[in-house]
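In case you want the letters, here they are:
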Amino acid sequence: MTASGIYVYGVVRRSHPLSPGAVGVGEPPAPVRLLPADDLAVVVSAAYPGLRARRRDLMAHQGLLMTLAEAGPVLPMRFGMVAPDEATVLAGVAARHGEHVAVLERLDSRVEMNIKITPVQDNLAALLREDPAVRRIREETRRHPGYEANVRLGEAVAAGLRRRAAVAAARLPAEFAGITGMADDVRPGPDVEGCVLNVSFLVPRREEGRFRNVAERFAADHRDRLELRVTGPLPCYSFVAPQPVPARA
């Protein structure tokens with residue numbers, strides 16, 4: 001199959017090791033190589049027509065970046081970034097060379113840890129104790145039952161549970177900020193349906209275990225209000241520019 005451009009995974013230092021036989025996206029998986037760019041290098045492979053966000057390719061992209069990150073800092077690209085040719089890639093890196101070097105230095109020995117928080121869905125008793133508005137709607141529904149009343153009650157309960165979770169979740173960034181060395185930076189993530197908080201932390205790799213312990217303790221302290229999920233370590237997507245090199249999605 002004829003290649004239709006250069007698939008870009010990320011930017012690393014030129015000395016960054018690349019495992020022999022490393023492969024990326026595509027069917028069959030495309031061999032990965034380093035494209036030197038002065039003291040930097042761009043991790044690339046051939047791009048083929050028809051590339052889609054299939055689970056196989058998403059996992060290949062993520063897995064390669066995780067492997068690279070274990071050996072040193074990486075400026076990761078999102079899945080599906082393709083440049084028309086090597087010259088375009090090299091020109092883009094050269095134009096932002098100083099920025100890339102500074103970011104790689106900042107990311108060295110660090111990982112991204114993401115936390116998502118959703119409301120607890122089965123604690124109506126606590127909500128009724130704390131929220132007089134929901135309590136009033138429930139009493140009205142009991143006195144005048146019906147479809148519309150049930151819908152109104154359901155909406156009020158969902159909103160109330162979300163409010164309780166959001167109030168507790170708002171304390172989490174300060175919880176981490178107050179612990180020395182726990183995280184070097186924090187970035188809010190995009191809105192996620194059902195979540196009251198989606199936030200990523202730039203964490204020294206040596207602190208990953210302590211970070212998880214603090215997150216688990218926070219979840220336990222607020223178990224009646226929220227459910228917390230930790231994802232990571234991840235490539236540091238949230239702490240680099242959206243596109244280290246010119247590419248099209």
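Note that the structure is predicted; figures quoted are calculated from it, not measured.

Of the regular secondary structure elements, the chain holds eight helices and nine strands. Each of the 249 residues in the chain was classed as buried or not, and the buried ones make up 43%. A separation threshold of at least 6 residues defines the contact pool for the chain, and within that pool the share at least 24 residues apart is 78%. Total accessible area on the chain stands at roughly 12900 Å², and carbon and sulfur atoms take up 54% of it.

Let us look at the pairing of strand β3 (residues 40–46). The buried fraction of β3 amounts to six of the seven residues, a majority that puts the element mostly inside the structure. Pairing analysis gives six bridges linking strand β2 (residues 32–37) to β3, with the strands arranged antiparallel. Of the residues in β3, the one forming a bridge with Pro36 is Ala41. Here β2 folds back onto β3 in antiparallel fashion, the turn holding two residues, of which Asp38 has a positive phi close to 60°.

The four strands lie next to each other as β7-β8-β6-β9, forming an open sheet whose pairing is antiparallel. The open sheet has two free edges, formed respectively by β7 (185–188) and β9 (226–234), since each of these has just one partner strand. The sheet shows a mean angle of 20° between the axes of neighbouring strands, direction not considered. Bridge analysis of strand β6 (residues 110–119) against β9 gives seven bridges, and the strand direction is antiparallel. Residue pairing across strands places Ile115 opposite Val230, the latter belonging to β9. Seen against the sheet, helix α8 (residues 208–221) touches β6, β8 (197–204) and β9 and runs at an angle of roughly 170° to β9.

Here the focus is the pattern of salt bridges. As enumerated under the stated definition, the model contains 14 salt bridges in all. Between Asp57 and Arg54 there is a salt bridge, and its shortest N-O distance comes to 4.0 Å. Owing to a relative accessible area of 1%, Asp57 belongs among the buried residues under this scheme. On the basis of relative accessibility, which here comes to 40%, the residue Arg54 falls in the partly exposed class. Arg164 is the partner of Asp224 in a salt bridge, and the nearest nitrogen-oxygen pair spans 3.4 Å. Of this pair, Asp224 sits in the loop between α8 and β9 while Arg164 sits in helix α6 (residues 147–169); the two residues are 60 residues apart in sequence, bridging distant segments of the chain. You can call Asp224 partly exposed: its relative accessible area is 31%.

Formed by 21 residues in total, the largest nonpolar core has its most connected members in Val8, Val42, Val44, Leu75, Val89 and Leu107. Mapped onto this core, the elements with two or more residues apiece are β1 (6–13), β2, β3, α2 (86–95) and α3 (97–107). If you look at the next biggest cluster of nonpolar residues, it comprises 20 residues, including Ile115, Val196, Phe218 and Leu226.

Attention now goes to the pairing of β8. The buried count for β8 comes to eight of eight residues, which makes it a mostly enclosed element. For β6 and β8, the ladder comprises eight bridges, and the chain directions are antiparallel. Note on β8: the bridge partner recorded for Val111 is Val203. Summarising the sheet, β7 and β8 pair through four bridges and their orientation is antiparallel. Looking at the pairing, Val186 lines up with Phe201 of β8.

This next bit is on the side chain of Glu112. Note on placement: Glu112 falls in strand β6. Lacking a salt bridge, the buried Glu112 has Arg78 as its closest oppositely charged neighbour, with an N-O distance of 6.2 Å. In terms of polar contacts, Glu112 uses its side chain to reach the side chain of Ser238, at 2.7 Å. Aside from chain neighbours lying at most four places away, what touches Glu112 is Ser200, Phe201, Thr231, Gly232, Pro233, Leu234, Pro235, Cys236, Tyr237, Ser238 and Phe239.

Calculation notes
Residues numbered from 1 in each chain as written. Predicted model: local features only at pLDDT ≥ 70, side-chain atom pairs only at ≥ 80, totals over all residues. Heavy atoms only, no water. Helix = DSSP H or I, 4+ residues; strand = E, 2+ residues; numbered from the N terminus. Buried < 20%, exposed > 50% of the residue type's maximum accessible area, 1.4 Å probe, protein only. Contact = heavy atoms within 4.5 Å. Areas by Shrake-Rupley, 256 points an atom, 1.4 Å probe, with all protein chains shown as cover. Pairing = 2+ DSSP bridges. Axes fitted to C-alpha atoms, helices over the stretch in contact; angles between N-to-C directions. Salt bridge = Lys/Arg side-chain N within 4 Å of Asp/Glu carboxyl O. Core = buried A, V, L, I, M, F, W, Y, C linked by side-chain atoms within 4.5 Å. Lys, Arg positive; Asp, Glu negative; His and termini not counted. Polar contact = N/O pair within 3.5 Å; in protein donor to acceptor, adjacent residues only side chain to side chain.

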